[in-house]
Amino acid sequence: MALISLQDISLVLNHTTLFNALSLQLNSGERVALLGRNGAGKTTLMKVIAGLTSITSGEVIYQKGVSIAHLPQEVPAHISGTVFELVLSGLGGRAQLLADYHEVNAKLQTECTPQLLQKLDRVQEEMDRSNGWETQRQIETVISQVQLDPEGKLEQFSGGQKRRALLAKALVNDPNVLLLDEPTNHLDLESIQWLEDYLQKYSGAIFFVTHDRMFMSRMATKILELDRAKLFGWECNYPTFLERKESALENEAKERELFDKVLAKEEIWVRQGVKARRTRSEARVQALLKLREQKRAERKAMGKVKMTLQDAAKSGDLVIKAQGITHAYGPKHLLDNFSCQIMRGDKIGLIGANGCGKTTLIRILLEQTPPQAGQVVHGTNLEIAYYDQLREQLDLDLTVQQNVNGENHHVTINGQPRHVIGYLQDFLFSPERARTPVKLLSGGERNRLLLARLFTKRFNVLIMDEPTN
């Protein structure tokens, strides 16, 4: 029996059909990658499997006793507490005893009362009876695997460190099914390598969404594609899928061309003169009506994004110069007497471990964060565009259109006015989607919107923090 089975499920959200009679089965040992355009419903499908989103019709069946862990795409905005507390919460009902144990130990650091010592004895006895020490070891092991400090404060972590903590929370209960939504987002190269090695050895079912093509090529044993509310299965790895998909698209185009020819021929026939109309077949008329209905229901594949960079004046030869930059958070030094010089035409990639200070360095170079020592000098005539990894520039309560250009209905691109709806269509936002609040968009759609917003401005320096998340 499958671990999880979806039978003819359909879902309509905001008058949009995301799923139309979809079916799939997840079996132990499978590593299934889900593909699809931004906004197609990949994250929503994962939430349906996790039991977090209701469906309009159909049925989701779980094998008795199956355990599921879900790693969401977005890092929660106000995540707090310690790493240990977050990972502990992934254990469900087993968490309370360990939470009591750690609470008592923490209080004993500042006060040592007979009541606390008695409570510690009771909790330790219960830990002995319920195999709680093994649970403690399980938590410590998974935290060490993601290379984090159990007592580290999440409020002080980088996006990548928070992502690793959430990953540990998902893995700690050793679930039968792992649901991973963009698992490599924010992770450094070493963490991605560890994750790949871990998942290769994992015996349960893995269902994941990713835009990391290398990760997908190494991990997936089966490909599912969510396309125009339908689900298509490919029993192969990702490189083989690309070849088969190209062939399938060619066949689909030929079938559509043949269909259009038949429809055009029948439309000509039905419009013939009076004599022909007296003798025409009623069955043929009904067949034509069905063809028209099929044409109206036809859902075409999305096009490609059309991005146009605006012409901007040249900057000076020197773009940014940093001299003797030092910056620390408490005892942790992120930058120590750091200097660099960025010249016009440079294309610089910045790599490093999660939490080492990459985003902090960017903000210092942008003069958004003052360094504790040293100075940053900007060259002449700079026009900077900054793409931040957490998309903090977007207002989630405003519509797509309003985020791009406020209440103005036109944008100016290279001196030419364009209606903002037409401009957004270049970024694959339909008129209806352009009037949708940003909070209803998928993560990928929000990234695309941020690009659309940036490209309404002229710039000669582009700084991008995790642009492919």
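Residues numbered from 1 in each chain as written. Predicted model: local features only at pLDDT ≥ 70, side-chain atom pairs only at ≥ 80, totals over all residues. Heavy atoms only, no water.

1. Description of the overall build of the protein chain
Okay, step 1: When helices and strands are tallied, the protein chain shows 16 helices and 16 strands.
Okay, step 2: Dimensions of the protein chain, computed from the C-alpha atoms along their principal axes, are close to 105 × 65 × 40 Å.
Okay, step 3: Across the 469 residues that make up the protein chain, the buried fraction comes to 42%.
Okay, step 4: As presented, the protein chain carries roughly 25,500 Å² of accessible surface, and 50% of it is formed by carbon and sulfur atoms. (Helix = DSSP H or I, 4+ residues; strand = E, 2+ residues; numbered from the N terminus. Buried < 20%, exposed > 50% of the residue type's maximum accessible area, 1.4 Å probe, protein only. Areas by Shrake-Rupley, 256 points an atom, 1.4 Å probe, with all protein chains shown as cover.)

2. Structural notes on the sheet that holds strand 10 (residues 318-329)
Okay, step 1: The antiparallel open sheet is built from three strands, whose spatial order is 11-10-12. Each of the sheet's edge strands pairs with one partner strand only, and the pair in question is strand 11 (332-343) and strand 12 (373-378). For this sheet, the mean inter-axis angle between neighbouring strands, taken without regard to orientation, is 15 degrees.
Okay, step 2: Pairing analysis gives eight bridges linking strand 10 to strand 11, with the strands arranged antiparallel. (Pairing = 2+ DSSP bridges. Axes fitted to C-alpha atoms, helices over the stretch in contact; angles between N-to-C directions.)

3. Comments concerning the nonpolar core
Okay, step 1: Core analysis: the largest hydrophobic core is formed by 45 residues, its most contacted members being Ile139, Phe208 and Ile223.
Okay, step 2: With six residues, helix 6 (residues 159-171) is the single largest residue contributor to this core.
Okay, step 3: Contacts of Ile223, omitting those with residues within four sequence positions, involve Ala33, Leu35, Met216, Phe232, Gly233, Trp234, Cys236, Asn237, Tyr238 and Phe241.
Okay, step 4: In terms of nonpolar packing, the next biggest core, distinct from the first, is built from 26 residues, Leu11, Leu24, Leu34 and Val66 among them. (Core = buried A, V, L, I, M, F, W, Y, C linked by side-chain atoms within 4.5 Å. Contact = heavy atoms within 4.5 Å.)

4. Regarding the sheet that holds strand 6 (residues 177-181)
Okay, step 1: Judged by pairing direction, the sheet is mixed, and its six strands sit side by side in the order 5-6-7-3-8-9 without closing on themselves. On the outer flanks of this sheet lie strand 5 (68-71) and strand 9 (230-234), each paired with one strand and no other. Between one strand axis and the next, the sheet turns through 15 degrees on average, direction left out of account.
Okay, step 2: In the sheet, strand 5 pairs with strand 6 via four bridges, with the strands oriented parallel. Following the sheet pairing, His70 is matched in strand 6 by Leu179.
Okay, step 3: Across the face of the sheet, helix 9 (residues 238-270) comes into contact with strand 3 (31-35), strand 8 (222-227) and strand 9 while running at roughly 40 degrees to strand 8.

5. Section: the pattern of salt bridges
Okay, step 1: Scanning the entire structure with this criterion turns up 10 salt bridges.
Okay, step 2: In this structure, the salt-bridge partner of Arg228 is Asp227, at a minimum N-O distance of 2.5 Å. (Salt bridge = Lys/Arg side-chain N within 4 Å of Asp/Glu carboxyl O.)

6. Section: the side chain of Asn405
Okay, step 1: If you trace the backbone, Asn405 turns up in helix 13 (residues 400-405).
Okay, step 2: With sequence-adjacent residues up to four places away left out, Asn405 is seen in contact with His410, Val411 and Val420.

7. Considering helix 1 (residues 42-49)
Given 3.6 residues per helical turn, the α-helix brings residues three or four places apart onto the same face.
Okay, step 1: Most of helix 1 is tucked away, with six of its eight residues classed as buried.
Okay, step 2: For helix 1, the complete set of buried residues consists of Lys42, Thr44, Leu45, Met46, Val48 and Ile49.
Okay, step 3: Looking one or two places after helix 1, you find Gly51, whose phi comes out positive at around 80 degrees.

8. Structural notes on the state of the cysteines
Okay, step 1: If you walk through the whole model with that rule in mind, you get zero disulfides.
Okay, step 2: Unpaired in terms of disulfides, Cys340 finds its nearest cysteine sulfur in Cys356, a separation of 14 Å.
Okay, step 3: For Cys356, a relative accessible area of 32% puts it in the partly exposed group. (Disulfide = S-S within 2.5 Å.)

9. Quick look at the packing of aromatic side chains
Okay, step 1: In this structure the tally under the stated criterion is six aromatic pairs.
Okay, step 2: Note on Trp234 and Phe241: the rings are 5.3 Å apart at their centroids and 85 degrees apart in plane angle, and the pair reads as edge-to-face. Each member of the pair Trp234 and Phe241 is classed as buried.
Okay, step 3: Site record: aromatic cluster; members linked through ring pairs are Trp234, Tyr238 and Phe241. (Phe/Tyr/Trp six-rings, centres within 6.5 Å; stacked < 30°, edge-to-face > 60°.)

10. Brief notes about the pairing of strand 10
Okay, step 1: Joining the antiparallel neighbours strand 10 and strand 11 is a turn of two residues, in which Gly330 adopts a positive phi near 65 degrees.
Okay, step 2: Where strand 10 lies against strand 12, five bridges are found, and the strand directions are antiparallel. Note on strand 12: the bridge partner recorded for Ala322 is Val376.

11. Notes on the side chain of Asn185
Okay, step 1: Note on placement: Asn185 falls in the loop between strand 6 and helix 7 (189-201).
Okay, step 2: When residues no more than four places from it in sequence are discounted, the contact partners of Asn185 are Gln73, Arg163 and Asn469.

12. Considering the confidence of the model for the protein chain
Okay, step 1: Residues at a pLDDT of 70 or more form 94% of the protein chain, whose mean pLDDT is 85.
Okay, step 2: Per-residue pLDDT, averaged within each element of the protein chain, yields its smallest value for helix 10 (residues 274-279) (52) and its largest for strand 7 (residues 205-209) (95). (pLDDT = per-residue confidence, 0-100.)

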